[in-house]
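# A look at the structure
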Number of protein chains: 2
Amino acid sequence: MQILSDPRQVQAAMLDRRARGQVVGFVPTMGFLHRGHASLMDLARPRCDHLVVSIYVNPLQFGPGEDLDRYPRDPEGDAALCRAHGVDLLFMPPDLYEAGHATTVHVAGLTEGLCGRSRPTHFDGVTTVVARLFGLVQPALAVFGEKDWQQLAVVRRMVRDLALPVEILGGPLVRDEDGVALSSRNAYLSPDERARARSLVGALRGMQAAVAGGERDVDALRAQALAHLEADRVDYLEVVDPDSLAPLQRVDGPARALVAAFVGRTRLIDNLALLPG
Amino acid sequence: MQILSDPRQVQAAMLDRRARGQVVGFVPTMGFLHRGHASLMDLARPRCDHLVVSIYVNPLQFGPGEDLDRYPRDPEGDAALCRAHGVDLLFMPPDLYEAGHATTVHVAGLTEGLCGRSRPTHFDGVTTVVARLFGLVQPALAVFGEKDWQQLAVVRRMVRDLALPVEILGGPLVRDEDGVALSSRNAYLSPDERARARSLVGALRGMQAAVAGGERDVDALRAQALAHLEADRVDYLEVVDPDSLAPLQRVDGPARALVAAFVGRTRLIDNLALLPG
């Protein structure tokens with residue numbers, strides 16, 4: 001496995017591979033890798049000739065007061081995990097942007113609800129860094145986790161609208177044995193918080209069971225789930241169309257429940273299909 | 001010469017060429033082609049394996065009340081000119097964007113002065129369409145005219161910031177025998193307006209001569225040039241740093257004079273180096 005830090009060196013090497021007809025697969029990450037990231041690499045590996053993972057904690061997607069400065073890091077563990085999952089190139093730039101960076105990619109609509117409401121600059125940071133990473137890495141396919149369901153929808157829309165020649169694959173969410181969705185931010189949780197973090201997936205599974213039992217009214221589903229949540233503050237708990245992310249009043253077709261909540265100081269997100277899409 | 005209208009058909013063909021190591025050259029236009037456009041094709045032709053010209057009157061870069069509906073068109077003449085200049089593929093999409101297009105590429109700073117002041121959404125339209133066209137056409141090099149000096153600077157910045165693997169070439173401005181910069185919009189001018197349009201280049205050449213004669217003060221240069229202009233309304237007349245587009249007070253190094261003015265209902269732009277960069 002090669003490890004590179006210079007963006008332009010990565011781009012030159014990847015352009016050369018493309019010009020020789022190779023398929024570059026790409027998993028962009030912020031590091032502190034876990035089994036969830038590994039599953040994305042495993043999804044890409046058989047579909048490409050050259051597998052690239054990037055690790056970059058992107059300042060543009062953090063708001064004021066968020067956890068940019070304390071975001072967990074483990075470069076040696078990350079490299080070992082990448083090696084074990086057949087990664088060819090690990091791209092770890094200390095800085096990613098050009099001096100005087102002035103360009104923003106914005107997706108309207110999809111970015112306005114859910115996480116976009118409490119993190120108003122977050123998705124512009126995501127789409128801008130993904131566009132730049134795609135420019136550097138030149139992937140023919142890229143994998144994003146379904147854990148950030150809204151991010152996946154936003155990236156798909158950007159790729160479609162800008163005609164970026166990249167196939168976007170969503171990787172299923174991976175959970176720990178206690179049901180908690182894997183997240184680098186779980187490292188922040190105290191034992192008590194970890195126990196309460198289980199209530200997110202519990203609330204979502206409760207909604208799923210209620211729908212299976214015939215409940216169709218979203219207000220009723222939400223009320224039941226909110227009563228179950230042991231969070232310190234609920235950012236949102238919504239039932240939306242899986243593609244458009246439009247809020248639903250009734251569950252009559254494909255629907256996804258999404259939750260964001262603070263447990264202690266840690267903001268966690270999770271989501272689950274209510275009726276499969 | 002092949003003529004295609006389907007964006008995805010163009011993209012599939014160009015991705016195939018890239019995967020075979022070919023260099024695609026690209027000249028994006030809004031049609032009604034003249035010798036200025038031809039000079040851009042001539043610049044690209046020896047530098048690429050496959051030369052693509054696009055013709056698309058991009059609604060996103062027109063503001064309310066501008067000339068989108070009456071922008072001149074001549075598809076047959078355009079095709080003949082492209083054929084005569086060695087174009088391989090003429091891309092003429094009736095529509096370019098996806099249904100529900102929601103993505104905007106914005107360059108801060110460079111877009112705020114000059115044309116950006118009176119056309120506040122213009123450059124977002126330019127960068128968005130150029131990003132999408134680059135996604136479809138997959139060029140390794142693209143040529144833009146220096147006639148829209150600000151547009152060239154904005155596109156260069158976007159390409160740098162998003163690490164788009166496209167070399168941007170600026171093609172020198174081409175003038176008619178009377179000195180007027182070639183523009184598709186010159187077709188709007190009455191004989192009287194055409195005579196007065198000559199005052200734009202006259203004003204710029206007057207500034208250039210004054211600088212050659214030792215004048216360094218931008219206020220003095222502007223006053224002299226404004227007195228010379230026979231326009232109905234001057235949008236701006238500025239002396240700026242050629243790269244950053246920052247307004248200059250004195251001409252002590254590379255400097256570019258830029259003018260935008262209405263002659264009748266027609267908005268014309270022109271620019272000239274005062275001290276070569």
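Residues numbered from 1 in each chain as written. Chains lettered and ligands numbered in written order. Predicted model: local features only at pLDDT ≥ 70, side-chain atom pairs only at ≥ 80, totals over all residues.

Aligned on chain A, chain B shows an RMSD of 0.0 Å; the corresponding rotation is 180° and the shift along the axis is 0.0 Å. The operation mapping one copy onto its partner corresponds to a two-fold rotation axis. A shared interface surface links the copies, since 100% of the contact residues of chain B are contact residues in chain A too. (Least-squares fit on C-alpha atoms with pLDDT ≥ 70 in both. Contact = placed C-beta atoms within 7 Å.)

This part takes up the confidence of the model for chain A. Averaged over all residues, the pLDDT of chain A equals 97, while 99% of them reach at least 70. Here the predicted complex carries an ipTM of 0.96, next to a pTM of 0.96. (pLDDT = per-residue confidence, 0-100.)

Let's shift gears to the domain arrangement of chain A. All names here are of chain A. Domains assigned within chain A are domain 1 (2–171) and domain 2 (184–272). The C-alpha-based centres of domain 1 and domain 2 are spaced at 26 Å. Each side of the interface is counted separately: domain 1 has 14 residues, and domain 2 has twelve residues. Among the secondary structure elements, those contributing two or more residues to the side of domain 1 that touches domain 2 are α4 (115–118) and α6 (149–161). Residue contributions to the side of domain 1 that touches domain 2 peak at three residues, all from α6. Its residues placed into classes, the side of domain 1 that touches domain 2 shows eight nonpolar, four polar and two charged. (Domains from an automatic or database assignment. Helix = DSSP H or I, 4+ residues; strand = E, 2+ residues; numbered from the N terminus. Nonpolar A, V, L, I, M, F, W, Y, C, P; charged D, E, K, R; others polar.)

Turning next to the nonpolar core. Generally speaking, soluble globular proteins have nonpolar side chains that are buried together. In this structure, A:Val137, A:Leu200, A:Val259, B:Val137, B:Leu200 and B:Val259 are the most contacted members of the largest nonpolar core, which totals 150 residues. When residues no more than four places from it in sequence are discounted, the contact partners of B:Val137 are B:Val10, B:Met14, B:Val24, B:Phe26, B:Val52, B:Ser54 and B:Phe91. (Core = buried A, V, L, I, M, F, W, Y, C linked by C-beta atoms within 7 Å. Buried ≥ 20, exposed ≤ 12 C-beta atoms within 10 Å, placed from the backbone.)

Another aspect to go through is the sheet that holds strand β7 (residues 167–171) of chain A. Residue and element names in this part refer to chain A. Taken together, six strands build an open sheet; the order of strands is β1-β4-β3-β2-β6-β7 and the sheet is parallel. Two strands bound the open sheet, and with one partner strand each, they are β1 (2–4) and β7. Taking each pair of neighbouring strands and ignoring which way they run, the sheet shows an average axis angle of 25°. Where strand β6 (residues 141–145) meets β7, five bridges bridge the pair, whose relative direction is parallel. Across the sheet, Ala-142 pairs through a bridge with Ile-168, a residue of β7. The strands touched by α6 within the sheet are β6 and β7, with β7 carrying the most contacts at an inclination of about 170°. (Pairing = 2+ DSSP bridges. Axes fitted to C-alpha atoms, helices over the stretch in contact; angles between N-to-C directions.)

Take the interface of chain B and chain A next. Counting from both sides, the interface comprises 31 residues of chain B and, opposite them, 31 residues of chain A. Of all the elements in the fold, those that place two or more residues in the side of chain B that touches chain A are α1 (7–19), β5 (103–107), α5 (122–137) and α6 (149–161) of chain B. Its residues assigned to classes, the side of chain B that touches chain A shows 15 nonpolar, nine polar and seven charged. Here strand β5 (residues 103–107) of chain A pairs with β5(B) via five bridges, running antiparallel. The partner of A:Val105 across the bridge, within β5(B), is B:Val105.

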